[in-house]
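# A look at the structure
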Amino acid sequence: MTSALSIRDMVVTYDEFAALDHVSFDIGTGESFGIVGESGSGKSTLLRAVSGLVSFEQGTLSVNGRPYSGRKRDKEFYRTVQMVFQDPYGSLHPRQTVDRLLLEPLVIHGFTDIETRINRALDEVGLGTGFRFRYSHQLSGGQRQRIAIARALIVEPKILLLDEPTSALDASIQAEILNLLEQARRDRNLTFVMVSHDLGVISHMCERLAVMKTGKVVETVPRKALENREFSAEYTRQLLVASEGFRRG
Amino acid sequence: MTMPAKPLLTVEDLRVTFPTRTGDVQAVRGVSFALGRERLGIVGESGSGKSQTGRAIMGLTPGHAKITARKLAFGDRDLLTMPARERRHLRGKQVAMILQDPKYSLNPVMTIGRQIVETLKTHERISTSAAKARALAMLEAVQISDPERVFSLYPHEVSGGMGQRAMIAMMLVCGPELLIADEPTSALDVTVQLEVLDILDKLVADRGMGLIFISHDLRLVSSFCDRVIVMYAGRIVEELPAANLADAQHPYTRGLLNCLPTIGSDRHPLPVLDRKPEWAL
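Residues numbered from 1 in each chain as written. Chains lettered and ligands numbered in written order. Predicted model: local features only at pLDDT ≥ 70, side-chain atom pairs only at ≥ 80, totals over all residues.

### Quick look at the overall build of chain B
For clarity, the cut-off: Here a strand is any run of E in DSSP of at least two residues, a helix any run of H or I of at least four, and the numbering for each starts at the N terminus. Radius of gyration here is computed from C-alpha atoms only, and the compact-globule reference equals 2.2 Å multiplied by the residue count raised to the power 0.38. To sort residues by burial, count the other C-beta atoms lying within 10 Å of each one's C-beta; a count of 20 or more means buried, 12 or fewer means exposed, and anything in between means partly exposed. C-beta atoms are built from the backbone.
Within chain B, the regular secondary structure consists of 10 helices and 11 strands. A compact globule built from 281 residues would reach a C-alpha radius of gyration of about 19 Å, and chain B, at 19 Å, matches this within 12%. Dimensions of chain B along its principal axes, counting C-alpha atoms only, are 60 × 50 × 45 Å. Every one of the 281 residues in chain B was classed for burial, and the buried ones make up 41%.

Quick look at the structure:
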């Protein structure tokens, strides 16, 4: 398996605080890789460092063999890597229609068949062209997240970075979005890097997962290890117990 | 569950209506239940009216909304006709509410200690030193290890879990008989959630309070409460003992239970809710 995304000893510091402390991953092409951890564990910082939203001071990042450093990314990078954010209310421009939101990435990357692409993108996320000229405040949380996914998929990326894509949504809507993401991954042979605090979601979506705490990787295990409880770190066990819900004791 | 002869709270045919430019929107459409000294869960997704039900009981519905009910009573006292002054006495003293996010629901320019003392002084004739002692004891009761320090901190100086404990302390310091908890742990990390729930559970049990636990998380509610009410589009679609959740009849309840991804179950795609228009009738 070739590496779609390779991270070596990545370090991100905010002032004196090490948000990422020598983190290394290799994620294969077509793989779905999960990262779990609590707030402050550095899981979102990792995705932001990969996508160039924050700069990393040390370490290397390579995408399909091409190295990148700091926070400078070229157009080619964003053709390959796209990101979906947690909060569907904060990640869409409030004064742009859906049409305008989807148009922008197409113009940036010089696509020509804009009409068909926008219509196809809306169909693919199950919204239909009726939504094309709405503003994001006219959409529900689930519909907004579908638009965010459509915007990411419209430039035909190979790698999708998903930062808690369903944690702001109701359980019933979460299932729909997870199904949509899985379908897209199957159809396009995408590589997923998915961050979540919910072990259930990660074990449903990902074949392999890393557990992070205070900027470090505690351990990396295959999905099966969660079911069979074949992991070594105490922290992983704590997360697993927490995900099973409240017990009166 | 043995019901006491006189319920703590009686809600009959509660309706909350918001007038909008395009006509009236009914957020709550005829909710009825009675609550004793027990733990009742109200579950539903956003827009189901679960929070508005809690707010109507608490008397925190926005002024332009219309509340009607055949009966809305706390013990023998009618909440609908009660003057605002009396309602204020009740609120904080006998009925208290824990909100979702301590970041937004604590006063940012008052220390945590002063906010707790304020609650006490509003409702009781008590000296400042006695109030401080009570506040410190309460902070200790919510398992804050260094109450003196937390007493003098501002809300932004504490973590989410600590803030939520402070809020629980603030709400329980006057010894209310009914506690409404609206998504008390949704803003917290998973491992902290359990600690906070544990504290809440013990305090509610020790003090024999009635609890209304509002949440979107059906599994969490069923593990925490004695009885669960499931709401959809402003109505109660099902009410059942928490232990019998597996026997839920309504397709919405079953759908909510099924759509969660769990470790070890290999279901691709996940079952999704097939919303029937008749559920909302």
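This is not the end of the story, as more comes after the structure.
### Details of the overall build of chain A
Note the threshold: We call two residues in contact whenever the C-beta atoms placed from their backbones are within 7 Å.
Within chain A, the secondary structure is distributed over 9 helices and 10 strands. Rg of the C-alpha trace for chain A: 18 Å, near the compact-globule value of 18 Å for 249 residues, within the 12% margin. Based on the C-alpha atoms only, the size of chain A along its principal axes is roughly 50 × 45 × 35 Å. Relative to all contacts within chain A whose residues are 6 or more apart in sequence, the contacts with residues 24 or more apart total 67%.

### Here we look at unusual backbone geometry
Here the residue pair B:His268 and B:Pro269 is connected by a cis peptide bond, since its omega of -10 degrees sits within 30 degrees of zero. Here B:Pro269 is to be found in the segment after helix 10 (251–258). Phi is positive for A:Thr214, close to 40 degrees, though the residue is something other than glycine. By secondary structure assignment, the location of A:Thr214 is in the loop between strand 9 (208–213) and strand 10 (216–222). A positive phi angle is found at B:Asp13, which is not glycine, with a value near 55 degrees. Here B:Asp13 is to be found in strand 1 (residues 9–20). A count of 14 C-beta atoms within 10 Å places B:Asp13 in the partly exposed class.

### Considering the confidence of the model for chain B
To keep things clear, this is the line we draw: Values of pLDDT, ranging from 0 to 100, describe the predictor's confidence in every residue of the model.
Of the residues in chain B, 98% reach a pLDDT of 70 or more, and the chain-wide mean stands at 91. Here the prediction assigns the complex a pTM of 0.87, and the interface score ipTM is 0.80.

### Considerations on the nonpolar core
For clarity, the threshold we go by: We define a nonpolar core as a collection of buried residues of the types Ala, Val, Leu, Ile, Met, Phe, Trp, Tyr and Cys that are connected via C-beta atoms lying within 7 Å of each other.
Core analysis: the largest hydrophobic core is formed by 146 residues, its most contacted members being A:Val193 and B:Ala169. Those residues in contact with A:Val193 that lie beyond four places of it in its chain are A:Leu5, A:Ile27, A:Phe33, A:Leu47, A:Ile159, A:Leu161 and A:Leu162.

### A closer look at the sheet that holds strand 7 (residues 95–98) of chain B
Residues and elements named next belong to chain B. This is how the line gets drawn: A pair of strands is considered paired only if DSSP assigns at least 2 bridges between the two. Only C-alpha atoms enter the line fits that serve as axes; for helices the fit covers just the stretch in contact. Angles between N-to-C directions range over 0 to 180 degrees.
The sheet built from 6 strands is open, its strands ordered 7-8-9-3-10-11 with mixed pairing. Each of the sheet's edge strands pairs with one partner strand only, and the pair in question is strand 7 and strand 11 (235–241). Between one strand axis and the next, the sheet turns through 20 degrees on average, direction left out of account. Pairing geometry for strand 3 (residues 39–43) and strand 9 (residues 210–215), over 5 bridges, is parallel. Residue pairing across strands places Val 43 opposite Ser 215, the latter belonging to strand 9. Packed onto the sheet, helix 7 (residues 160–172) meets strand 7 and strand 8 (178–182) and runs at close to 175 degrees relative to strand 7.

### A closer look at helix 7 of chain B
To keep it simple, the criterion reads: Expected span of a helix: the number of residues minus one, times 1.5 Å.
When the terminal C-alpha atoms of helix 7 of chain B are compared, their 18 Å separation across 13 residues agrees well with the 18 Å that a helix rising 1.5 Å per residue should span. Of all 13 residues making up helix 7 of chain B, 11 are buried, and the element is well covered by its neighbours.

### Remarks on the sheet that holds strand 2 (residues 17–28) of chain A
Residues and elements named next belong to chain A. Judged by pairing direction, the sheet is antiparallel, and its 4 strands sit side by side in the order 2-1-4-5 without closing on themselves. Only two strands of the sheet have a single neighbouring strand rather than two, namely strand 2 and strand 5 (66–68). Strand-to-strand twist in this sheet, taken as the mean axis angle between neighbours without regard to direction, amounts to 25 degrees. Both strand 1 (residues 3–14) and strand 4 (residues 58–63) contribute to a ladder of 5 bridges, which runs antiparallel. Within the sheet, the bridge partner assigned to Arg 8 lies in strand 4 and is Thr 60.

### So, the interface of chain B and chain A
Definition in use: Asp, Glu, Lys and Arg are counted as charged, while Ala, Val, Leu, Ile, Met, Phe, Trp, Tyr, Cys and Pro are counted as nonpolar; the rest, among them Gly, fall into the polar class.
Between chain B and chain A, the contact holds 28 residues from the first and 26 residues from the second. Looking at the side of chain B that touches chain A, the elements that each hand over two or more residues are helix 8 (190–207), helix 9 (218–224) and helix 10 of chain B. By residue class, the composition of the side of chain B that touches chain A is 15 nonpolar, 9 polar and 4 charged.

### As for the environment of A:Glu76
Residues and elements named next belong to chain A. With respect to the secondary-structure elements, Glu 76 resides in helix 2 (residues 75–80). Accessibility expressed as a C-beta count within 10 Å gives 12 for Glu 76, which makes it exposed. For the pair Glu 76 and Thr 129, spaced 53 residues apart in sequence, the C-alpha separation works out to 29 Å.

### Here's the deal with the packing of helix 4 (residues 112–123) of chain B against helix 7 of chain B
All names here are of chain B. The condition that has to hold: Any angle between 65 and 115 degrees counts as roughly perpendicular, while under 35 counts as roughly parallel, over 145 as roughly antiparallel, and the rest as oblique. With the far helix as reference, a near helix turned anticlockwise by less than a right angle produces a left-handed crossing, and one turned clockwise produces a right-handed crossing.
Where helix 4 contacts helix 7, the two axes come as close as 8 Å, and the packing angle between them is 20 degrees. Judged by the inter-axis angle, helix 4 sits roughly parallel to helix 7. Seen along the crossing, helix 4 lies across helix 7 with a hand that is right-handed. Taking contact as the criterion, the partners of Ile 112, Gln 115, Ile 116 and Thr 119 in helix 4 are, on helix 7, Ala 166, Ala 169 and Met 170.

### Description of the packing of helix 3 (residues 98–108) of chain A against helix 4 (residues 114–124) of chain A
Residue and element names in this part refer to chain A. Two numbers describe how helix 3 lies on helix 4: the axes approach to 10 Å, and their chain directions differ by 120 degrees. Of the possible angle classes, the one that applies to helix 3 and helix 4 is oblique. In this structure, helix 3 crosses over helix 4, and the sense of that crossing is right-handed. On the side of helix 3, the interface is formed by Asp 99, Leu 102, Leu 103 and Leu 106, while helix 4 contributes Ile 114, Arg 117, Ile 118 and Ala 121. Residue composition of the contact of helix 3 with helix 4, by class: 6 nonpolar, no polar and 2 charged.

### Things to note about the environment of B:Pro7
Residues and elements named next belong to chain B. Take Pro 7: it is sitting in the segment before strand 1. Put simply, Pro 7 and Arg 87 are 80 residues apart on the chain and 19 Å apart in space, counted from C-alpha to C-alpha. Discounting chain neighbours no more than four positions away, the residues touching Pro 7 are Ala 34, Leu 35 and Gly 36.

### Quick look at the pairing of strand 8 of chain B
All names here are of chain B. The buried count for strand 8 comes to 5 of 5 residues, which makes it a mostly enclosed element. Here strand 8 shows two buried faces, one formed by Leu 178, Ile 180 and Asp 182 and the other by Leu 179 and Ala 181. With 4 bridges connecting them, strand 7 and strand 8 associate as parallel partners. Across the sheet, Met 97 pairs through a bridge with Ile 180, a residue of strand 8.

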